[in-house]
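Reading the structure
Here's the letter readout for the chains.
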Amino acid sequence: MSGDRPSPLVIERILRDRQGIWQQIVAEGDLNALTGRMLASSAVALACYGAVLGAFHSPLMALTSALKLPLLFLVTLAICLPTLYLFNLVFGARLSVRQSLALVMVAITVTSMLAVAFAPISLFFLITAPDYGFFKLLNVAILTLSALVGLRFLTGGMQVLNDHGLLAPATSNVPAAVPAIAVPATVPAGAVPVAVPAESAGVAGAAAEPVAVPAGAAAASTANGAAPDATTAPAPAQVPTQWSGQPAGASFPPGYQPAQRPWGSPQVRRGEPTQRPASMTLLYIWILLFGFVGTQLAWTLRPFFGDPDKDFSLFRSIDGNFYAEILRTIANL
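Residues numbered from 1 in each chain as written. Predicted model: local features only at pLDDT ≥ 70, side-chain atom pairs only at ≥ 80, totals over all residues. Heavy atoms only, no water.

Position of isoleucine 326 among the secondary structure elements: in helix α11 (residues 322-332). Setting aside its immediate chain neighbours within four residues, isoleucine 326 contacts Leu137 and Val140. (Helix = DSSP H or I, 4+ residues; strand = E, 2+ residues; numbered from the N terminus. Contact = heavy atoms within 4.5 Å.)

Here it is, written out as structure tokens:
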């Protein structure tokens with residue numbers, strides 16, 4: 001889908017082509033334009049929903065809530081974004097500021113668009129059941145549900161960046177040295193050393209190592225007029241599984257004691273669970289921090305709804321807290 005859509009339709013691209021959005025953020029392709037479209041879409045959507053909230057009190061409250069609700073989300077983002085970026089730097093992630101901002105703006109855009117999609121429902125209850133406590137709880141539930149869906153998009157985007165290695169520390173591109181293959185300490189009596197190419201030992205580029213071949217096989221080859229070398233000798237004995245990588249059950253001459261594999265780094269088995277990067281763990285901590293900052297800022301910027309029993313005011317005195325007010329409203333119902 002084209003990325004040249006106007007800003008109000010950026011949500012359509014996010015929902016229909018989310019993998020394309022994640023790939024664009026990974027590649028840092030035209031992120032300034034994408035972030036600008038998401039910012040404009042979120043501001044318009046939150047302003048529309050804020051007007052519905054304030055309409056419960058008066059047209060003037062609707063106007064101020066239309067201004068304060070976008071401000072709530074953007075100021076919360078400005079407060080918490082440096083923490084997310086520094087968390088990633090401390091634990092070795094390689095996200096840029098633009099990538100971090102674009103990721104969080106995807107979540108805010110989804111949240112704001114879902115909230116404005118619920119605006120007709122909120123307006124319906126405003127007209128048919130104008131109860132202040134019920135209306136307040138209804139819209140808090142709408143905003144909470146919308147925020148949870150938006151944060152789900154944020155965690156999904158971070159997981160895509162993790163799959164591309166952007167949440168893990170950079171690793172060196174210097175190839176590791178090929179380990180030497182252990183040579184048996186003793187060779188059985190009557191065996192003739194024959195050079196075997198490194199590919200037969202399962203290690204590319206390694207030097208050829210002598211492998212014991214039974215004397216009878218070597219004598220048969222010599223009797224036919226051919227030297228017992230790597231090209232004319234009969235099939236040599238298989239290299240021990242400890243250092244050749246060949247299947248178990250290989251047969252060796254009597255008394256053959258292969259040396260153990262000299263290198264000891266454990267091999268990761270397929271299907272074993274991998275450890276979650278620290279950046280992903282800290283993302284969930286950051287989400288909690290974002291929620292606490294947002295709710296406290298909402299309490300500071302109130303009123304958004306406007307108690308019909310009180311006169312209009314742009315701000316109220318800071319007393320109590322958001323959570324106590326929600327519990328008090330539930331009890332009063």
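Fine structural detail should not be taken from predicted coordinates in areas where pLDDT scores are low. Model confidence for the protein is summarised by a mean pLDDT of 75, while 63% of its residues fall at 70 or above. A low-confidence stretch, residues 1-7 (pLDDT under 50), is modelled with twelve contacts involving residues beyond four sequence positions or located in other chains. For the stretch residues 215-224, pLDDT sits under 50, and the model shows ten contacts to residues farther than four places along the chain or on other chains. (pLDDT = per-residue confidence, 0-100.)

Let's shift gears to helix α2 (residues 18-27). Along α2, the residues classified as buried are Gly20, Ile21, Trp22, Gln24, Ile25 and Val26. Residues of α2 that are buried in the fold lie against α1 (10-16), α3 (31-54), α5 (97-117) and α7 (132-163). Count one or two residues on from α2 and you reach glutamate 28, which has phi positive near 55°. (Buried < 20%, exposed > 50% of the residue type's maximum accessible area, 1.4 Å probe, protein only.)

Moving on, we get to the layout of surface pockets. A volume near 1,200 Å³ is recorded for the largest pocket. Lining the largest pocket are 43 residues, and of these Val140, Gly294, Thr295, Ala298 and Phe322 sit closest to its centre. For the lining of the largest pocket, the secondary-structure elements that each account for two or more residues are α4 (59-90), α5, α7, α10 (278-301) and α11. (1 Å grid on protein atoms, 1.4 Å probe; cavity = no way out; pocket = protein on both sides within 12 Å on 5 of 7 lines; lining within 4 Å. Points joined across faces, edges and corners; volume = space filled by probe spheres on them.)

Okay, unusual backbone geometry next. Here the bond from arginine 302 into proline 303 is cis, since omega is 10°, no more than 30 degrees from zero. Note that proline 303 resides in the loop between α10 and α11. For glutamate 28, which is not glycine, the phi dihedral falls at a positive 55°. Its location among the elements puts glutamate 28 in the loop between α2 and α3. Backbone geometry places aspartate 30, a non-glycine residue, at a positive phi of 55°. Mapped onto the elements of the fold, aspartate 30 is located in the loop between α2 and α3.

We now examine the side chain of arginine 13. Relative to the helices and strands, arginine 13 resides in helix α1. Judged by its relative accessible area of 9%, arginine 13 is buried. Of the polar contacts made by the side chain of arginine 13, one reaches the side chain of glutamine 24; its length is 2.8 Å. (Polar contact = N/O pair within 3.5 Å; in protein donor to acceptor, adjacent residues only side chain to side chain.)

A separate point is the nonpolar core. Counting 55 residues, the largest nonpolar core has Ile25, Leu154 and Trp286 as its most contacted members. Looking at this core, the elements with two or more residues in it are α1, α2, α3, α4, α5, α6 (119-128), α7 and α10. Sort the elements by how many residues they give to this core and α5 lands first, with ten residues. Contact partners of leucine 154, with chain neighbours within four places excluded, come to Leu103, Val104, Ala107, Leu283, Trp286 and Ile287. (Core = buried A, V, L, I, M, F, W, Y, C linked by side-chain atoms within 4.5 Å.)

This next bit is on α4. Taking 1.5 Å per residue as the helical rise, α4 with its 32 residues ought to reach 46 Å, and the 48 Å between its terminal C-alpha atoms agrees with that figure. At cysteine 80, α4 shows its strongest bend, of approximately 35°, with the proline proline 82 following within four residues. Phi turns positive one or two residues past the end of α4, at glycine 92, with a value near 85°. (Expected span 1.5 Å × (residues − 1). Bend = angle between axes of the 7 residues up to and from the residue.)

To continue, consider the packing of α3 against α5. Taken N-terminus to C-terminus, the directions of α3 and α5 make an angle of 30°; their axes are 8 Å apart at the nearest point. Comparing the axis directions of α3 and α5 gives the class roughly parallel. The element α3 and its partner α5 pack so that their crossing is left-handed. In this structure, α3 contributes Leu31, Asn32, Thr35, Met38, Leu39, Ser41, Ser42, Ala45, Leu46, Cys48 and Tyr49 to the contact, and α5 contributes Arg98, Gln99, Leu101, Ala102, Met105, Val106, Ile108, Thr109, Ser112, Met113, Ala115 and Val116. Grouping the amino acids of the contact of α3 with α5 by side-chain chemistry returns 15 nonpolar, seven polar and one charged. (Axes fitted to C-alpha atoms, helices over the stretch in contact; angles between N-to-C directions. Parallel < 35°, antiparallel > 145°, perpendicular 65-115°, else oblique. Left-handed = near helix turned anticlockwise from the far one by under 90°. Nonpolar A, V, L, I, M, F, W, Y, C, P; charged D, E, K, R; others polar.)

Let us now look at the pattern of salt bridges. Applying the stated criterion to the full structure yields five salt bridges. Two residues, glutamate 12 and arginine 16, come together in a salt bridge whose shortest N-O distance is 3.3 Å. Residue glutamate 12 and its partner arginine 16 are both found in helix α1; the two are separated by four residues, about one turn of the helix. With a relative accessible area of 26%, glutamate 12 lands in the partly exposed category. Among the residues examined, arginine 16 registers a relative accessible area of 62% and is labelled exposed. Aspartate 17 serves as the salt-bridge partner of arginine 13, at 4.0 Å between the closest nitrogen and oxygen. Looking at aspartate 17, the relative accessible area reads 22%, which means it is partly exposed. (Salt bridge = Lys/Arg side-chain N within 4 Å of Asp/Glu carboxyl O.)

Moving on, we get to the environment of glutamine 19. Relative to the elements of secondary structure, glutamine 19 occurs in helix α2. On the basis of relative accessibility, which here comes to 46%, the residue glutamine 19 falls in the partly exposed class. Along the primary structure glutamine 19 and glycine 156 are separated by 137 residues, whereas in three dimensions their C-alpha atoms are 9.9 Å apart.

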